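Structure at a glance
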Amino acid sequence: MTTHSTRMLILGSGPAGLSAAIYGARAGMKPILVQGIQPGGQLMTTTDVENYPGFADVIQGPWLMEQMQKQAEHVGTTLMWDTVVAVDLTQRPFRLTGDSGDIYEGDVLVIATGAQAKWLGIDSEEPMKGKGVSACATCDGFFYRGKRVAVIGGGNTAVEEALYLTNHSDNVTLIHRRDSLRAEKILQDRLFAHPNITVVWNKEVREFVDGGGTAGLVALDLEDTQTGEHSRIDVEGGFVAIGHHPATELFRGHLELDADHYIKVETGTTRTSVPGVFACGDVMDKVYRQAVTAAGTGCMAALDAERFLAAAEFKEMAEAAE
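A few points on the structure. (Residues numbered from 1 in each chain as written. Predicted model: local features only at pLDDT ≥ 70, side-chain atom pairs only at ≥ 80, totals over all residues. Heavy atoms only, no water.)

1. Quick word on the environment of C299
Topologically, C299 is positioned in helix α7 (residues 291-321). Put simply, C299 and H168 are 131 residues apart on the chain and 32 Å apart in space, counted from C-alpha to C-alpha. (Helix = DSSP H or I, 4+ residues; strand = E, 2+ residues; numbered from the N terminus.)

2. Section: the pairing of strand β1 (residues 3-11)
One ladder, built from eight bridges, connects β1 with strand β8 (residues 103-111); its direction is parallel. What sits directly across from H4, in β8, is Y104. Bridge analysis of β1 against strand β2 (residues 32-34) gives three bridges, and the strand direction is parallel. Bridge pairing in β2 places L9 opposite I32. (Pairing = 2+ DSSP bridges.)

3. Some remarks on the side chain of S134
By the element assignment, S134 lies in strand β10 (residues 133-134). From its side chain, S134 meets the backbone nitrogen of C136 in a polar contact 3.0 Å long. Separated by 2.6 Å, the side chains of S134 and D140 make a polar contact. When near neighbours in sequence (up to four residues on either side) are disregarded, S134 contacts W119, D140, G238, F239 and V240. (Polar contact = N/O pair within 3.5 Å; in protein donor to acceptor, adjacent residues only side chain to side chain. Contact = heavy atoms within 4.5 Å.)

What follows is the structure, encoded as C-alpha cells:
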C-alpha cells in the first residue's frame, strides 16, 4: 500500500478532469488525477466529433482525449491507473482509497466522475451504437440532416431532443411506452404544436434493425405495450433519451446531492457542500452535457480550488504569526 499526497487531487479523466488538471498544474499544484473505471470518459466511445471548438475537420473522440491527457502530463499532472472505492471527506487533507489499496490524499478534491447515459438494454443496441443509434441528439443530430429520426423516451430530455432534432430533420418521431409524457407541460405544448414531430404511444423498441454493410440503422421494431402487437418504423437515426446515471455513488452521505443524484454546487461556481471539494462536468451538469461545457467547468474547478487553497494557506500563516 502506497500513500500519494498532493495539493490537488482529481477524480475522473474526461474533458472536465483533464481541464482541471491542466489549469491546476499550471498553477503549481502538481495534481494527481485518478483515472477511474473509464479513462478518457464518454468521448472514448464517441467516433466523429464535429462540435469541439478549434477543429475545422471532424476529429475522433479518443484522439481528442489522448491530446488532453498528453497536455495534462506535459504541464505536470501525475495520472494514476486506479479506481477509488472509498472516500473520507471529514477533514483535510481529504483521504481516498483506491481499488489497488493505495491511499490518495489531497488538500483539495476535484470530482469529475461524469455520468453515463441510460440505455434500453436490448441485444441489438450495443452493436448499433455509432451506426445510427445514439444517446445525444445535440452531439450527433447534425449527421442526420434530412433523414428520418426517432427519439425513445417520455421525459424532459426526450422532448428536448425531439425538438432539437427538428433543426436537422422534418421527420421526427417520439416513441413512448406509455400513453402520456412525464415532461413539463410547456415542453409538451411545444412538442404537440410542432408540425414535424409525430408521437407514437404505448410502444417499446424491441430491435434496432441493421440494414447490413454500410447502411447502418434502417428501422425500429416496436412492440405495443398493451396488445403485444409488433410493428415497424423506418428510420435512419435512433436516439435513446431515457436519462443519465451520474457517477456519485461514492459520495452519497458525504456530499449534498440533488433529487437526481447529481452533485449540488453553489450557483455560478463548482463549490460543493464540503469546503475544499469541487465538482465539474457531467457529475454536476444535467442540462448541457457537452465536452466543451465539461472542459469549461473543469477550468472553473481548478480556479476555485486554487483560490480556496490560497485563502486557507493565508489564514494558516496569519494564525501562526499570532
